[in-house]
Structures are given as C-alpha cells and as structure tokens.
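Topology and contacts: notes
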Amino acid sequence: MPRLDWMQIEVTTRCNALCHYCPRTAYRNCWDNRDLSLETFKVLLPVIADTKMVHLQGWGESFLHPTLFEMIALAKKTDCKVGTTTNGMLLNRRRIDQLVKSGIDHVAFSLTGIGEKNDLARHGTQFTRILQAISDLAAQKKALRVLTPTISVAYLLLRSHLPDIAKIVPALAGIGIEQVVISTLDFVTHKNLWNERLTPANQAQYQELKSLFDELGEEAATKGLGLFYNLVLPSVEGRVCTENPRRALFVSSGGNVSPCVFTNIPAMGSSRMIEGEEVESQKLIFGCIADESLPAIWKSSYYREFRKSFESRPHPLCRRCPKHQGSSE
C-alpha cells in the first residue's frame, strides 16, 4: 500500500449543533448516531504510521468522542501529523490545555458567517464563544511556548453572506488564527438551499469571484493571515477531485472505507441536489476494516479500478460531484 497523503477518520457522527445546511440536520430522523470504537481505531495504526496526515473528523463533532485524546496520543506516537475540525463549543480551558499538551498538529474551527449570521446558520453555536476558544487556545500555546497546534478557520461562504465578505478579515485577525480556508456550499441537501451556492455559471462570473477572493487574500496577508479558497471552474476538461481519491481515503465511524466523506452519508434514504435536481445519495464503500485489513481493501480490484478511472473517465458517482470540479487556489 502506498504512503497516503492523508486519511480522514470519522470519530463520531454525533453533534451538538444543527447547522441548517448539514446532511445531519436534514436527515436527523434517520441519522445513524455512532462513535468509532477505540479498538477499531487501533487497527488503523500501522497504516497511520505510513500516512502523512490524519484528520480525526467526519459528519460529527470530534470532541464528543469520549476517547478522542487517547486517539490523538496513539496517532502521534506513529509520528504522523494529526488534525481535527471542531465547532469550538466544547473547548473549555481544561480541554484547551489538554489539547495543546496532546501534541496535535492542527485544529480547524468551523464558521459560516460573521456574528449572528454564523449563529443562525449554525444553530447551537455562538460566534463569540468560538472566537474566545480560539483566543484561549492561542494564549495557552504562548504560555507553554509551543507552536502547535496551528489554528485555522474553515469558513463556509454562502451566497446570502457574500455582502459581508469584507467583515471576515477584521473579525478573524489578531486572535491567533494562522489561516482561513474559504469553501462554498457544494453538498446541497434541499432545494431551498440551491441558491446559497456560489458556483459560477460562466468564466466571467468565475473571474469576478476569483478577483474578489484574491483581494481578500491580499488584505488577509497584511494582517498575518493566510487565506485559501476553492472555486468551481465552469466547463473545464480534465478536472481533478479536491478530495484526492487516488492518494487519500475516508474511514467512517463504522469502519467502512470510502474515497471521501461525501460518499458515505450515515443516513438511509438521504438525497442531495445536483444540477438543480434532487437525487438519492449513494454510498461507495470498498470494504470494512472489521472484516479485512485496510491494505487488503486498498489493493482490491474494485478499489483499484475506481482509482484508475480518474485517469480518463471517473466513476459515475463522481462525475457530477462538485468536488471533482474544484480548483484549489
């Protein structure tokens, strides 16, 4: 098995928030709430040891897992880089101290808007509390004289929030955040959210948005912030999937192996909007680590054929996926 660029491991599908655009909120009546067992995680350690980066997060809030810190410690013993994403609402001072001392390399905080707009979009979270957690984390790093974890913000920009784009840098600069990664809504769970996408319809719209984001990046740089973004390129051949399915993978909290988190929604009967149409969400699972080793799953003919398909015509499930149309900047 080759050395992976990264592995995303879903430690839990449970969450303490109800973000209105999240599949977990849309399908909460049929959602499979579960935690990854520590025993299952330990099975992955030999592969983790030969992986560049492991991200402990999926369709849930990582800090709800009762043994998350033990998982971090085990992964760090392999010398792999370790990160996670959080809504920040469970990070009190005790956990922040524990987090810094754990040696975790990277922590991302999720936001969707500035101030009350974030709180409305991400019901159950509070913008002011998240920024306080970030500030406290940065202060504890300074107190312990360590450089890790690096702190970033995973910022989902909705179309209705575009007029507030100038507020992003002033709100996030100077509190310990090192980079902001802006994404746009691509997994659309309901037709009412279709207009919240920021997908350019043509090259002119793409250039307009790109210029806007580039200006934002220049402003961020003057404040010591790195800023990155993904935009969907219209009608471009030879696109590359941003989820890197040929050198990365996703392990669900149930131990199932998929190419990415979007191909393993833990809800029966879920659907999504693609090109304005509602279609049933399909899973793409190559095996379960409870039944066979991850290297054996990776080397299976089915999985090899899937990866090879990206050399010409990708797997049918991937052809209409926005993640296969992204361009990283």
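In what follows, the structure referred to is the one given above.
Please read all numbers here as calculations on a predicted model, not as lab measurements.

1. Some remarks on the overall build of the protein
A count of helical and extended segments in the protein gives 12 helices and 15 strands. Radius of gyration (C-alpha) of the protein: 19 Å, near the 20 Å computed for a compact globule of 329 residues. Principal-axis analysis of the C-alpha atoms gives the protein an extent of 50 × 50 × 35 Å. Looking at the 329 residues of the protein, the share that counts as buried comes to 53%. For the protein, the accessible area works out to roughly 15,100 Å², and carbon and sulfur atoms hold 50% of it.

2. Digging into the nonpolar core
In terms of nonpolar packing, the biggest core is built from 76 residues, with Met7, Phe41, Ile48, Leu56 and Ile182 touching the most fellow members. Of all the elements, helix 7 (residues 127-144) adds the most residues to this core, at seven residues. Here isoleucine 48 is in contact with Met7, Ile9, Phe41, Val54, Ala75, Thr78 and Cys80, once residues within four sequence places are set aside. By size, the runner-up hydrophobic cluster in this structure holds 22 residues, among which are Trp59, Ala121, Trp194 and Cys260.

3. Remarks on the packing of aromatic side chains
For the coordinates displayed, the defined rule picks out 11 aromatic pairs. With centroids separated by 5.3 Å and ring planes inclined at 80 degrees, the aromatic side chains of phenylalanine 306 and phenylalanine 310 adopt a geometry described as edge-to-face. Given a relative accessible area of 17%, phenylalanine 310 falls into the buried group. By the ring-pair criterion, three or more aromatic residues cluster together here, those being Phe286, Trp298, Tyr302, Tyr303, Phe306 and Phe310. Looking at arginine 307, its charged tip hangs above the ring of tryptophan 298, at a distance of 3.8 Å from the centre. Arginine 307 extends its terminal NZ or CZ atom over the ring of tyrosine 303, reaching a point 4.7 Å from the ring centre.

4. Observations regarding helix 5 (residues 93-102)
Every buried residue of helix 5 is listed here: Ile96, Leu99, Val100 and Ser102. End-on, the buried residues of helix 5 take up no more than an arc of 155 degrees, which puts them together on one face. Facing away from the buried surface of helix 5 by more than 90 degrees, the exposed residues are Arg94 and Lys101. The elements touched by buried residues of helix 5 are helix 4 (68-76), strand 5 (106-111) and helix 7. Phi turns positive one or two residues past the end of helix 5, at glycine 103, with a value near 85 degrees.

What counts, and at which threshold
- Residues numbered from 1 in each chain as written.
- Predicted model: local features only at pLDDT ≥ 70, side-chain atom pairs only at ≥ 80, totals over all residues.
- Heavy atoms only, no water.
- Helix = DSSP H or I, 4+ residues; strand = E, 2+ residues; numbered from the N terminus.
- Rg over C-alpha atoms; globule rule 2.2 N^0.38 Å.
- Buried < 20%, exposed > 50% of the residue type's maximum accessible area, 1.4 Å probe, protein only.
- Areas by Shrake-Rupley, 256 points an atom, 1.4 Å probe, with all protein chains shown as cover.
- Core = buried A, V, L, I, M, F, W, Y, C linked by side-chain atoms within 4.5 Å.
- Contact = heavy atoms within 4.5 Å.
- Phe/Tyr/Trp six-rings, centres within 6.5 Å; stacked < 30°, edge-to-face > 60°.
- Lys NZ or Arg CZ within 6 Å of the ring centre and 35° of its normal.
- Arc of directions from axis to C-beta.

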